[in-house]
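Observations on chain architecture
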Amino acid sequence: MFKKFSITILLLILFISNTGFVVVGHRGDPIKAPEESFQSIDTAIGEGAQWVELDVHESNDNQLVISHDRNLFRVTGQNVIVSEHSASQLTQLKQSNGQSIYTLDELFAHYQKEPNVKFLIETKKTKHGNPQNMELLLVNAIKKYQMQNRVMVHSFSLASLKNLQELMPEISRIFIAGSLGRLDFEVFQYSNAVNVSSSLLNPQLINQLHAIGQQVYVWDEMNENPKQWNWLVNLSIDGVVTNFPATAAYYQRLTQHSQQDDANFDAVYYNEQAAPLWENPYPQAPQKGMLSPLTTVHVQKIVNVQNQVFFQIDANRFINMSGLVQTDLIHNLAPFWQQKAVLKNTLVNRTLWDNPSANHNKIGTLLFNQVYHITALQNVNGQSYAQLNNFGWTNLNNLLINACPEPQQLTPQIEKKRAPAQNNISLQLNLRAWLPQPKTKANPISILPAVTYPQQILPNLDDIDHYFPLQH
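This report concerns the structure included in the present document. All chains use their own residue numbering, which begins from 1 and follows the written sequence. With the structure being a predicted model, the display of local features is reserved for residues of pLDDT at least 70 and the display and counting of side-chain atom pairs for 80 or more, all residues being used for whole-chain, interface and lining totals. The basis for every side-chain value is the complete set of non-hydrogen atoms in the structure, without hydrogens or water.

Structurally, Lys-301 can be placed in strand β13 (residues 296-305). It is Asp-262 that comes nearest to the buried, bridge-free Lys-301 among opposite-charge side chains, at 4.7 Å. Contacts described as polar in this section are N or O atom pairs within 3.5 Å, which, within protein, must combine one atom able to donate a hydrogen with one able to accept it, while residues neighboring in sequence count only if both atoms come from side chains. At 3.5 Å, the side chain of Lys-301 and the side chain of Gln-260 are in polar contact. Here, two residues are considered to be in contact whenever any of their heavy atoms come within 4.5 Å of each other. Ignoring sequence-local partners within four residues, the contact set of Lys-301 consists of Asn-234, Gln-260, Asp-261, Asp-262, Ala-263, Phe-310, Phe-311 and Gln-312. The secondary structure listing takes helices from DSSP runs of H or I that are at least 4 residues long and strands from runs of E that are at least 2 residues long, numbered from the N terminus. For every residue, the accessible area obtained with a 1.4 Å probe (protein chains only) is divided by the maximum for its type, and the residue is called buried under 20%, exposed over 50%, and partly exposed between those limits. Think of it this way: Lys and Arg go in the positive column, Asp and Glu in the negative one, and His and the chain ends go nowhere. The term salt bridge refers to a side-chain nitrogen of Lys or Arg lying within 4 Å of a carboxyl oxygen of Asp or Glu.

Given below as structure tokens:
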């Protein structure tokens, strides 16, 4: 099974999953500007949102007015109910930034020549399906301003989605689910996607909805915390309706620049140093504990971010791949862990790499006259690699090993995998006879000059957050 999924960059490249999602600014950017105002919309688009979510109520003269609340007191300070006033009266009201309440027609006219601005419109209807003509008014406005490719509709009202399917079936229809009890096959007859509360979302639900052809969006209340992105970004959502479009766009770019592949295998952590566990594999992720040496884990996903490969080993737990050995290969690699080694001969590649994957960088050069300590092991693309002195990596075939670990150093799982003949392996080396000798008339080959390498790996400063800084 490991050979099918493998810890391979080649496989990651060949089977890249689409991890992108669309960013929808919830009422624009309500944190930085009054909600649903033109300023709020422009701010969200400027921060990277592809869509802006807005709400419509119907005035008493049959016009759709942009407002989340039926009563405009919260946003204007005036105790005015939309359905009891005409559009001309309502558009005289001002928000705190001085911008007016406006109609759907005014919205479309304002942004008609800005094709990058797209809208997710929520139809606000009563539980009895009123107002009955809301969808017709919406469709007429879409046609009038030729917004067919720039509008999606979502609603808590299934009746609203039914009407839209009849009037304009090409428009995407998203059912808003505040509880799982509202999701049934009647809904799926009229919806292309569901917008699920973040409190209900989990990988199993997403997989089930995808399996029946429904896209998955996620939304939260107005008290949304941007820290939720640390786990939300691990889910295979299709879109997010968020109060923090800048944060969402940052994570969107991270996922779009990553390569991901599902996996299903067990591995043992062969590294002398405990490894940090992260809530997600992206820059600035919170640390969530440590993984101890010789711990067995189950790998669910492989993620390549900026040439760094991470394994997902649990829900919202990721670890750098270095030192994880698939259990089927332990019997081949375990005898070499924590052993001393020297270069096999003068013809081998003496480059020391920063990691054992295909996307590695040179960080040093191995010496012929030095004994190294193997501190970690890794198998990539069928090749075995060793980390030397807690620093760089080289192919295990480049090394000669002078001892094997005692059986008690291995975990029970490893001991079962080992072949009986390997328990007594002991390769003794005559290092003095093997090492290059000083240059003489009889021996014209001189010892290579000593090359030192740093004792500690510095972080790669060319992180994606250098280009896409996290914003809240």
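This part is about the environment of Arg-150. Relative to the assigned elements, Arg-150 resides in the loop between α7 (134-144) and β5 (151-155). Arg-150 gets classed as buried once you look at its relative accessible area, which sits at 9%. C-alpha of Arg-150 to C-alpha of Trp-51: the two residues are 99 residues apart in sequence and 8.6 Å apart in space. Within the structure, Arg-150 has its side chain in polar contact with the backbone oxygen of Val-117 (distance 2.9 Å).

Ranked by internal contacts, the top residues of the largest apolar core, which has 64 residues, are Ile-41, Leu-104, Leu-107, Phe-108, Phe-119 and Leu-201. Ranked by residues supplied to this core, first place goes to α7 with five residues. Domain limits in this description derive from either an automatic procedure or a database domain assignment. Each of domain 1 (22-243) and domain 2 (259-327) accounts for three or more of the residues forming this core. Dropping the residues within four chain positions of it, Leu-104 is found in contact with Val-56, Leu-64, Ile-66, Ile-121, Leu-138 and Ala-141. Residue types Ala, Val, Leu, Ile, Met, Phe, Trp, Tyr and Cys, when buried and joined through side-chain atoms within 4.5 Å, form a set referred to as a nonpolar core. In this structure, Val-325, Leu-329, Val-348 and Ile-374 belong to the second largest nonpolar core, which totals 24 residues.

Let us look at the side chain of Ser-191. Residue placement: Ser-191 occurs in the loop between α9 (185-188) and β7 (193-197). What makes Ser-191 buried here is its relative accessible area of 6%. Looking at Ser-191, its side chain comes within polar contact range of the side chain of Gln-214, at 2.8 Å.

In summary, the pairing rule links any two rings of Phe, Tyr or Trp, Trp by its six-membered ring, whose centres are within 6.5 Å, and it sorts them by plane angle into stacked for under 30 degrees, edge-to-face for over 60 and tilted for everything else. Counted by the stated rule, this structure contains twelve aromatic pairs. Between the aromatic rings of Phe-38 and Tyr-111, the centroid separation amounts to 5.7 Å while the plane-to-plane angle is 75°, which identifies the pairing as edge-to-face. Of the two residues, Phe-38 sits in helix α3 (residues 38-46) while Tyr-111 sits in helix α6 (residues 104-111), which places them 73 residues apart along the sequence. Judged by relative accessible area, Phe-38 falls into the buried class, the value being 18%. The class of Tyr-111 is buried, set by a relative accessible area of 0%. When the centroid spacing of 6.0 Å and the interplanar angle of 90° are considered together, the rings of Phe-265 and Phe-311 count as edge-to-face. Of this pair, Phe-265 sits in strand β10 (residues 259-269) while Phe-311 sits in strand β14 (residues 308-314); the two residues are 46 residues apart in sequence, bridging distant segments of the chain.

The next subject is empty space enclosed by the protein. Here a cavity means grid points, on a 1 Å grid over the protein atoms only, where a 1.4 Å probe fits yet cannot get out; a pocket means an open set of points with protein on both sides within 12 Å along at least five of seven lines; lining residues are those with an atom within 4 Å of a point. Grid points are joined across faces, edges and corners, and a volume is the space filled by probe spheres set on the points. Counted by the stated rule, this structure contains two cavities of 30 Å³ or more. By volume, the largest cavity amounts to about 90 Å³. As for the largest cavity, its lining consists of Ser-198, Val-218, Trp-219, Asp-220, Glu-224, Gln-228, Trp-229, Trp-231, Leu-232, Val-240, Val-241 and Thr-242. Among the elements of the structure, β8 (215-219), α11 (229-232) and β9 (239-242) are those that each provide at least two residues to the lining of the largest cavity. Charged residues are taken to be Asp, Glu, Lys and Arg, nonpolar residues to be Ala, Val, Leu, Ile, Met, Phe, Trp, Tyr, Cys and Pro, and polar residues to be all remaining types, Gly included. Among the residues making up the lining of the largest cavity, the classes are represented as seven nonpolar, three polar and two charged. Here the lining of the second largest cavity is composed, by residue class, of four nonpolar, three polar and two charged.

This part takes up helix α10 (residues 203-211). Of the residues making up α10, those classed as buried are Leu-205, Ile-206 and Leu-209. One face of α10 carries all of its buried residues, which in axial projection span an arc of 100°. Seen from the buried face of α10, the exposed residues on the opposite side, beyond 90 degrees, are Gln-204, Gln-208 and Ala-211. The N-capping residue of α10, defined by a side-chain oxygen 3.1 Å from the backbone nitrogen of Gln-204, is Asn-202. Phi turns positive, to about 85°, at Gly-213, one or two residues after α10. The arc in question is the one spanned by the directions pointing from the helix axis to the C-beta atoms.

Now for the layout of surface pockets. Any empty space left between atoms is shown by rolling a water-sized probe over those atoms. By volume, the second largest pocket amounts to about 740 Å³. Lining the second largest pocket are 31 residues, with Asn-234, Leu-235, Ser-236, Asp-262 and Lys-301 sitting closest to its centre. For the lining of the second largest pocket, the elements supplying multiple residues, two or more each, are α10, β10 and β13. Considering only residue class, the lining of the second largest pocket consists of 13 nonpolar, 14 polar and four charged. Of the residues that make up the lining of the second largest pocket, three or more belong to each of domain 1 (22-243) and domain 2 (259-327).

Within the secondary structure layout, Ser-198 lies in the loop between β7 and α10. The sequence separation of Ser-198 and Glu-221 amounts to 23 residues, and the corresponding C-alpha distance is 8.8 Å. Those residues in contact with Ser-198, other than ones at most four positions away along the chain, are Val-218, Trp-219, Asp-220, Gln-228 and Trp-231.

With that settled, consider α6. Considered for burial, the residues of α6 that qualify are Leu-104, Leu-107, Phe-108 and Tyr-111. Around the axis of α6, the buried residues are gathered within 90° of arc, so they sit on the same side. Buried-residue contacts for α6 involve α3, β2 (51-58), β3 (64-66), β4 (118-123), α7 and β5.

Turning our eyes to something else, we now look at the packing of α3 against α6. Two elements in contact, α3 and α6, have axes separated by 12 Å at closest approach and are oriented at 45°. In terms of orientation, α3 and α6 fall into the oblique class. In this structure, the crossing between α3 and α6 has a hand that is right-handed. Across the interface between the two elements, Phe-38, Ile-41 and Asp-42 from α3 touch Glu-106, Leu-107, His-110 and Tyr-111 from α6. To obtain an axis, a line is fitted to C-alpha atoms, over the contacting stretch when the element is a helix, and the angle between two such axes runs from 0 to 180 degrees between their N-to-C directions. We call two directions roughly parallel when the angle between them is under 35 degrees, roughly antiparallel when it is over 145, roughly perpendicular when it lies between 65 and 115, and oblique otherwise. For a crossing to be left-handed, the near helix must be turned anticlockwise from the far one by less than a right angle; the clockwise case is right-handed.

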